[in-house]
Amino acid sequence: DMVGDLRYSWKKLRKLAMDVNDNLSRLQVGFKRELIKEVKLFIVDVVNFRQDFESNGPMVPGVDPMEAVDRLKKFQQLFDVRKRKWINY
């Protein structure tokens, strides 16, 4: 009797494992697609950030020192946001 119960439990467990595996496989496709989309957007954002930093950042010739400090703080905050995204991706 215990052998029969064990067989039944084993079949039930295998069925559950297969169902969970199928569900995870379906979910994986959506997550992967979303990750690829987000990474592409991130790359574009970083290119734009770099261009903005080079043209409006603290190293632009003729900017007075106080303005340069303010710009540096602004770009540091913007960079920190992108760094967090980089770590997550």
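The rules behind these values
Residue positions are counted from 1 within each chain, in the order its sequence is given. Local features are withheld for residues below a pLDDT of 70 in this predicted model, meaning they are given only at 70 or higher, and side-chain atom pairs are given and counted only at 80 or more; totals for whole chains, interfaces and linings count all residues. The basis for every side-chain value is the complete set of non-hydrogen atoms in the structure, without hydrogens or water. Here a salt bridge means any side-chain nitrogen of Lys or Arg lying within 4 Å of a carboxyl oxygen belonging to Asp or Glu. Helix numbers and strand numbers start at the N terminus; a helix is a DSSP run of H or I with at least 4 residues, a strand a run of E with at least 2. Buried means the residue's accessible area, taken with a 1.4 Å probe over protein chains only, is under 20% of the maximum for its type, while exposed means over 50%, and partly exposed covers the values in between. Multiplying one less than the number of residues by 1.5 Å gives the expected span of a helix. When checking whether two residues touch, look at their non-hydrogen atoms; a contact exists if any pair is within 4.5 Å. Counted as a polar contact is a pair of N or O atoms within 3.5 Å, where, for protein atoms, one must be capable of donating a hydrogen and the other of accepting one, and residues adjacent in sequence contribute only when both atoms are in side chains.

**Details of the pattern of salt bridges**
Alright, step 1. Going through the model one piece at a time under the given rule, you end up with 5 salt bridges.
Alright, step 2. Residue Asp19 pairs with Lys15 through a salt bridge whose shortest N-O separation is 3.0 Å. Note that Asp19 and Lys15 are positioned in helix H1 (residues 2–56) at a spacing of 4 residues, about one turn of the helix.
Alright, step 3. The salt bridge involving Arg50 is made with Glu54; its shortest N-O contact spans 2.5 Å. Taken together, the positions of Arg50 and Glu54, both in helix H1 and 4 residues apart, correspond to about one turn of that helix. Across the pair, Glu54 and Arg50 agree in class, each one exposed.

**With respect to helix H2 (residues 65–88)**
Alright, step 1. Between its first and last C-alpha, H2 extends 35 Å over 24 residues, near the 34 Å set by a 1.5 Å rise per residue.
Alright, step 2. Looking only at H2, the buried set comprises Ala68, Phe75 and Arg82.
Alright, step 3. Those residues of H2 that are buried are in contact with H1.
Alright, step 4. N-cap assignment for H2: the residue whose side-chain oxygen lies 3.1 Å from the backbone N of Met66 is Asp64.

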